[in-house]
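# Summary of structural features
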Amino acid sequence: MTPSRRETLQWMMTAAALPLARWTPPAMAAGQGTPPPFVVADWPATLPPPAPAQGYGRDPDLIAPKVPWPLTLSKVQRATVDLLGDLILPADEQSPGAGKLGVGAFVDEWISAPYPTQRKDREQVLGGLIWLDAQSRALHKTAFDVITPAQRAGLLDALTVTAPVAGMARPVAFMDTLRHLFVLGFYSLPEGKADMGFIGDQPTPGDYPGPSPEALAHFKGILAGLGLPVS
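What comes next concerns the included structure. Just so it is clear, the model here is predicted, and its values are computed rather than measured. (Residues numbered from 1 in each chain as written. Predicted model: local features only at pLDDT ≥ 70, side-chain atom pairs only at ≥ 80, totals over all residues. Heavy atoms only, no water.)

### Some details on the packing of aromatic side chains
What counts is decided by this rule: Pairing of aromatic side chains requires ring centres within 6.5 Å, counting the rings of Phe and Tyr and the six-membered ring of Trp. Pairs whose planes differ by under 30 degrees are stacked, by over 60 edge-to-face, and all others tilted. Helix numbering and strand numbering both begin at the N terminus, where a helix is a DSSP run of H or I of at least 4 residues and a strand a DSSP run of E of at least 2. Accessibility here uses a 1.4 Å probe with only protein chains present; expressed as a share of the type maximum, an area under 20% marks a residue as buried, one over 50% as exposed, and anything in between as partly exposed.
With the rule as written, the count across this model stands at 2 aromatic pairs. Relative to Y115, the ring of W69 has its centre 6.0 Å away and its plane inclined at 85°; by these criteria the two rings are edge-to-face. With a gap of 46 residues between them, W69 in the loop between α1 (5-16) and α2 (75-88) and Y115 in the loop between α3 (103-112) and α4 (116-140) connect regions that are remote in the sequence. Judged by relative accessible area, which is 2%, W69 ranks as buried. Ring geometry for F106 versus W110: centroids 5.9 Å apart, planes at 40°, classification tilted. In this pair, F106 and W110 are both assigned in helix α3, 4 residues apart and thus about one turn of the helix distant. Across this residue pair, the class does not change: F106 and W110 are buried.

Take a look at the structure:
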């Protein structure tokens, strides 16, 4: 699935309004963990600079949005993000995987926006994708998107440690940022809201049925715990 720019701009603006968008990655204690079972490739020394762009303004028109900034990722990089999305948030009986829903387009839109948070995430994501490809080629002589599932799993396992060695601190921070963006993007979509059972923004036909018995029981338990009367 490849969303249009109109869809990804709406998607990004919706996600940016969520409390989760203000997440800050935890500080890492580099140098305390177990080294990965491979020689770590160098983090890219420089990144392509972002194209000059203005922000969207204080009152964006989401019905007929303009395209205020160029995108960042190449076709191959976006496909890699979709691949990672399906590995990290895979399909289940409730919903498709994040990659199948086009989370790569969301991440591309997000890191291309000319705002401080997005600029910081751009450095992490773009640098991480370049590093991931270089590490894959160093280990397996080919790009990440064409190595075997077992080889991908080995690389991703090395990116999930809580206390990475010094050379892995930035790659691990990249994966933490990407996982956060996957969750932010996925749960901004109707499929993600359905996956967690969220129905708060759906209309209820007919008369309001009132809270469920489970909700009432929970509420009465709170009142009882506070010593308040339960009517």
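### A few points about the environment of P44
Our working rule: Residue contacts are defined here by distance: any two heavy atoms, one from each residue, within 4.5 Å place the two residues in contact.
Turning to its location among the elements, P44 is positioned in the loop between α1 and α2. Its relative accessible area of 16% is what places P44 among the buried residues. Here the alpha-carbon distance between P44 and L126, two residues 82 residues apart in the chain, equals 9.5 Å. Once residues within four sequence positions are removed from consideration, P44 is found in contact with G127, I130 and W131.

### Details of α4
The cut-off we apply is this: Any helix carries an expected span of 1.5 Å times its number of residues minus one.
With 25 residues, α4 should reach 36 Å at 1.5 Å per residue; the first-to-last C-alpha distance of 36 Å fits that figure. Every buried residue belonging to α4 is among Q118, D121, R122, V125, L126, G127, G128, L129, W131, L132, Q135 and S136, and all of these are buried. Among the structural elements, α2, α3, α5 (149-157) and α6 (169-186) are those in contact with the buried residues of α4. Taken from the residues just after α4, K141 is the one with a positive phi, measuring 65°.

### Overview of the packing of α3 against α4
Cut-off, in case you're wondering: For helices, the fitted axis covers only the stretch in contact; all axes are lines through C-alpha atoms, and the angles between them, taken along N-to-C directions, range from 0 to 180 degrees. Each angle receives one of four descriptions, namely roughly parallel if under 35 degrees, roughly antiparallel if over 145, roughly perpendicular if within 65 to 115, and oblique otherwise. Note that Gly is not counted as nonpolar here; it falls among the polar residues with everything else outside the nonpolar set of Ala, Val, Leu, Ile, Met, Phe, Trp, Tyr, Cys and Pro and the charged set of Asp, Glu, Lys and Arg.
At a minimum axis separation of 7 Å, α3 and α4 run at an interaxial angle of 120°. Taken together, the axis directions place α3 and α4 in an arrangement best described as oblique. Together, V107, W110, I111 and S112 of α3 and T117, Q118, R119, D121, R122 and V125 of α4 make up the contact between the two elements. Across the contact of α3 with α4, the residue classes break down as 4 nonpolar, 3 polar and 3 charged.

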